[in-house]
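Per-entry structural report
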Amino acid sequence: MTILKARSMFAILAIVSMVLTVNPPSAMAHRLSVFAILEGDTVNGEAYFNDGTPAKGCPVFLKVNKDQTLVKGKTNEEGLFSLKVPSPMPNRLEVIVEGGAGHRGTTTIETSRKGNETVKDANAKTYKTEGISLQGVSEEAIETAVRKVVREEIKPVIDELLKLNLELSKPGITEILGGIGYIVGLTGLALWIRGKKRHE
Amino acid sequence: MHIAEGVLSLPVLVSGAAIATAGTAYGIKKLSFETIPRCGIVSAALFVASLIHVNLGATSVHLVLGGLGGILLGWSLFPAFLVALLLQAVLFQFGGLIVLGVNVTNMALPGILAGMIGRAMLKANINPFICGFTSGLLGILGSAACVAISLLFRGEAFMTSAVMITSAHLPVMIIEGIVTGFIVSYLSKTDKTFLEGGIK
């Protein structure tokens, strides 16, 4: 009878793992991932469940600390959001996406890094770049132009980063098998302890 | 079904953890030498069940198998869920360690009740598929209600979120009902003792 019992238990596991193979681990959910970067004074980002489904129409909050919400917004149909940060720019921004029904994803942006600082020099009028002199061009104009070019240039990198982030947020076969291994071990441990008690 | 970290208030977290601790202690006490392997197998099934995911518009839902666990384990479903959800939190970042107690309670308690109903129906010689179907469906329905209750203290109006969560889980209720129905009817054909096995 015990063998039969073990056999039917095994059948359950077999059915579950069969369903698992039919629906490979690429289709999963229940974690909300948020990816956000600061571009100028705008926070651009993306929110998705860890099966890759975008979190559509979810409220997005930019917070300085736990109680102080700076900006509120919503994700669009593709799970993308873009929020303008009012000045002065805080050193650290927390991006929170509420997926409803207990889903929530957060990420933080350090804004104090170099590159976001704008050093104003009103007297600077002449710039020399390898023999080309730029006269009468304001620093701001150059900065805006450079920012625009850099943004376009690094767009593929950012897209790749987003894809990588999405890939990383899915549980892999290592985690799945590792977890099952833990359960097998725990079961064995429990049997060992109970078995010892039964002998005594 | 997993509630994310940082969503719930302290009283909800504490009461969830208290119920989960008491349930786990009682469940472990109820475990016999014969039912430990069964508990391990069910725990492994619960652990992978959350990877079987049904894609539904903005939300994502997955199998829970609480009703099936309730039929097979009774109160010992608590330790099975504790291990499965702990590993999911650590390895998949589903839910989290602080909300572990609430998540365990939300899934185990309705599963146990649904299992009791299923077992009573089986003893009354009702078609095993219908018994399994009822347990599977009620397990998810109960868990959805528990999630709505947990979110109640957060300002999300109970009826709105209950209706939202329940309707989002409607397809999973039916799928889980069918899966549980098949497993229970298979078990009742191959192993008549699975209802006994020291679980009262």
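Read on for an overview of the structure. (Residues numbered from 1 in each chain as written. Chains lettered and ligands numbered in written order. Predicted model: local features only at pLDDT ≥ 70, side-chain atom pairs only at ≥ 80, totals over all residues. Heavy atoms only, no water.)

What follows concerns the packing of helix α3 (residues 66–73) of chain B against helix α4 (residues 77–92) of chain B. In a packed pair of helices, the relevant descriptors are the angle between the two axes and the axis-to-axis distance. Residues and elements named next belong to chain B. Where α3 contacts α4, the two axes come as close as 9 Å, and the packing angle between them is 135°. With respect to their mutual orientation, α3 and α4 come out oblique. Along its contact with α3, which presents Gly66, Gly69, Gly70 and Leu73, the element α4 presents Leu77, Ala80 and Phe81. Residues of the contact of α3 with α4, tallied by class, amount to four nonpolar, three polar and no charged. (Axes fitted to C-alpha atoms, helices over the stretch in contact; angles between N-to-C directions. Helix = DSSP H or I, 4+ residues; strand = E, 2+ residues; numbered from the N terminus. Parallel < 35°, antiparallel > 145°, perpendicular 65-115°, else oblique. Contact = heavy atoms within 4.5 Å. Nonpolar A, V, L, I, M, F, W, Y, C, P; charged D, E, K, R; others polar.)

As a further point, take the packing of α4(B) against helix α5 (residues 100–123) of chain B. All names here are of chain B. At a minimum axis separation of 9 Å, α4 and α5 run at an interaxial angle of 140°. Between α4 and α5, the crossing angle belongs to the class labelled oblique. Classified by chirality, the crossing of α5 by α4 is right-handed. Listed contacts from α5 to Leu77, Phe78, Phe81, Leu82, Leu85 and Leu86 of α4 are Leu100, Asn103, Val104, Thr105, Met107, Ala108, Leu109, Gly111 and Ile112. Class assignment of the residues belonging to the contact of α4 with α5 gives a composition of twelve nonpolar, three polar and no charged. (Left-handed = near helix turned anticlockwise from the far one by under 90°.)

With that out of the way, let us pick up the packing of aromatic side chains. All names here are of chain B. Applying the stated criterion across every chain yields a total of five aromatic pairs over all chains. The interplanar angle of 25° and the centroid separation of 6.4 Å between the aromatic rings of Phe129 and Phe133 together place this pair among those described as stacked. Of this pair, Phe129 and Phe133 both sit in helix α6 (residues 128–152), four residues apart, which is roughly one turn of that helix. Assessed through its relative accessible area of 28%, Phe129 is described here as partly exposed. Following the ring pairs from residue to residue traces out a cluster consisting of Tyr26, Trp75 and Phe78. (Phe/Tyr/Trp six-rings, centres within 6.5 Å; stacked < 30°, edge-to-face > 60°. Buried < 20%, exposed > 50% of the residue type's maximum accessible area, 1.4 Å probe, protein only.)

Residues and elements named next belong to chain B. The tally for this structure, following the rule as stated, stands at four cavities of 30 Å³ or more. If you go around the second largest cavity, the residues you meet are His2, Leu46, Ser50, His62, Leu63, Val64, Phe81, Leu85, Gln88 and Met107. In terms of residue count, α4 provides more of the lining of the second largest cavity than any other element does, three residues in total. Here the lining of the second largest cavity is composed, by residue class, of six nonpolar, four polar and no charged. (1 Å grid on protein atoms, 1.4 Å probe; cavity = no way out; pocket = protein on both sides within 12 Å on 5 of 7 lines; lining within 4 Å. Points joined across faces, edges and corners; volume = space filled by probe spheres on them.)

Quick look at unusual backbone geometry now. Residues and elements named next belong to chain B. Phi at Leu65 takes a positive value of approximately 65°, unusual for a residue other than glycine. Note that Leu65 resides in the loop between β2 (59–62) and α3. What makes Leu65 buried here is its relative accessible area of 3%. Even without a glycine there, the phi angle at Asn125 is positive, about 60°. Mapped onto the secondary structure, Asn125 falls in the loop between α5 and α6.

All names here are of chain B. Its 25 residues place the ends of α6 36 Å apart at the C-alpha level, agreeing with the 36 Å of an ideal helix rising 1.5 Å per residue. Cys131, Gly132, Ser135, Gly136, Gly139, Ile140, Ser143, Ala144, Val147, Ala148, Ser150 and Leu151 are the residues of α6 that are buried. For α6, the N-terminal cap is Asn127; the gap from its side-chain oxygen to the backbone nitrogen of Phe129 is 2.7 Å. (Expected span 1.5 Å × (residues − 1). Polar contact = N/O pair within 3.5 Å; in protein donor to acceptor, adjacent residues only side chain to side chain.)

Backbone-to-backbone hydrogen bonds join strands into a sheet, with any given pair of strands oriented parallel or antiparallel. Residue and element names in this part refer to chain A. Strand order in the open sheet formed by three strands is β1-β2-β5, with antiparallel pairing between adjacent strands. Both edges of this open sheet fall to β1 (32–39) and β5 (80–84), since each of them pairs with a single strand only. Averaged over all neighbouring strand pairs, the angle between strand axes comes to 20°, with direction disregarded. Looking at chain direction, strand β2 (residues 42–49) and β5 are connected through five bridges and run antiparallel. Bridging from a neighbouring strand, Thr42 pairs with Lys84 of β5. Sheet strands in contact with helix α2 (residues 139–168) are β1 and β2, and its direction is about 165° off that of β1. (Pairing = 2+ DSSP bridges.)

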